[in-house]
Amino acid sequence: MEEILALLDRSTIDHKGLFLNADAGFDSKTCRDFLEKKEITANTKSNPRNGNVETDYYFDEKLYKRRFKIEKANAWLDNFKALLVRFETLNITWINLHYLAFSILFLRKIKV
């Protein structure tokens, strides 16, 4: 997370006020404190394994349900070995393989 935020800073993209929509695996005091320090809102489902399920944290159930669409898209991309394991050394080739994969996924969804 530090590396991602550093990359955003170098690109002059402000991360303050953003949110992290994450599953219960990211529900920890350390993670929440880190995000709060960086002024990022955590929309993280409470993890019952932590023992003390605190309800005073911000949680938007409707927003949380939308994260499944992103998870599903990532799972579809995992079907393409050239994207899963990056064999390409040129960024342009790797990016274009993504366009190709998204095109194939889109065409599979079209009902003729």
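Student: Help me understand the overall build of the protein in this model?
Tutor: Tallying secondary structure elements over the protein gives five helices and two strands in all. Reading the protein from its N terminus to its C terminus gives the helix and strand order α-β-α-β-α-α-α. Against the 2.2 N^0.38 benchmark of 13 Å for 112 residues, the protein shows a C-alpha radius of gyration of 18 Å, more extended than a compact globule. Along the longest, intermediate and shortest principal axes, the C-alpha atoms of the protein span 50 × 40 × 20 Å. For the protein, the proportion of its 112 residues judged to be buried stands at 20%.

Student: What's the story with the side chain of N43 in this structure? I'm lost.
Tutor: With respect to the helices, strands and loops of the structure, N43 is situated in strand β2 (residues 41–44). Side-chain polar atoms of N43 contact the backbone nitrogen of D60, separated by 2.6 Å. Discounting chain neighbours no more than four positions away, the residues touching N43 are L20, N21, A22, Y58, F59, D60, L63 and Y64.

Student: Is there a simple way to think about the pattern of salt bridges in this case?
Tutor: Opposite charge on two side chains permits pairing when their charged atoms draw close. Scanning the model with the defined rule gives four salt bridges in all. Among the salt bridges present, the one from D27 reaches R32, with a minimum N-O distance of 2.9 Å. According to the relative accessible area criterion, D27 is buried, its value standing at 9%. Among the residues examined, R32 registers a relative accessible area of 7% and is labelled buried.

Student: Can you walk me through helix α5 (residues 91–109) in this structure?
Tutor: For an α-helix the count is 3.6 residues per turn, leaving residues at separations of three or four pointing the same way. Taking 1.5 Å as the rise per residue, α5 with 19 residues should run 27 Å; its terminal C-alpha atoms sit 27 Å apart, in good agreement. Restricting attention to buried positions, one finds in α5 the residues H98, A101 and L105. The arc that holds every buried residue of α5, seen down its axis, measures 65°, which confines them to one face. Every exposed residue of α5 that faces more than 90 degrees away from the buried side is listed here: I92, Y99, F106 and L107. Residues of α5 that are buried sit in contact with α3 (61–77) and α4 (81–84).

Student: Hey, could you run me through the side chain of R67 in this one?
Tutor: Positionally, R67 belongs in helix α3. Under the relative-accessibility criterion, R67 is labelled buried at 15%. If near-sequence neighbours (up to four positions away) are discounted, R67 is found in contact with N21, A22 and D23.

Rules behind the numbers
- Per chain, the residues get numbers from 1 upward, laid out in the order the sequence is written.
- In view of the model being predicted, local features appear only for residues whose pLDDT reaches at least 70, and side-chain atom pairs are presented and counted only at 80 or more, with totals across whole chains, interfaces and linings using the full set of residues.
- The side-chain figures draw on all heavy atoms in the structure; neither hydrogens nor water molecules are used.
- Strands are runs of DSSP state E lasting at least two residues, helices are runs of H or I lasting at least four, and both sets are numbered from the N terminus onward.
- Radius of gyration means the value over C-alpha atoms here, while the globule rule gives 2.2 Å times the residue count to the 0.38 power.
- Residue burial is assigned from relative accessible area. The probe radius is 1.4 Å, only protein chains are included, and a residue is buried under 20% of its type maximum, exposed over 50%, and partly exposed in between.
- In protein, a polar contact means a hydrogen-donor-capable atom and an acceptor-capable atom, both N or O and within 3.5 Å, with residues adjacent in sequence counting only if both atoms are side-chain atoms; elsewhere, any N or O pair within 3.5 Å suffices.
- Residue contacts are counted whenever heavy atoms from the two residues lie within 4.5 Å of one another.
- We define a salt bridge as a contact between a side-chain nitrogen of Lys or Arg and a carboxyl oxygen of Asp or Glu at a distance within 4 Å.
- Any helix carries an expected span of 1.5 Å times its number of residues minus one.
- This arc is taken over the directions from the axis of the helix to the C-beta atoms.

Purely geometric stuff here, so don't read any function into it on its own.
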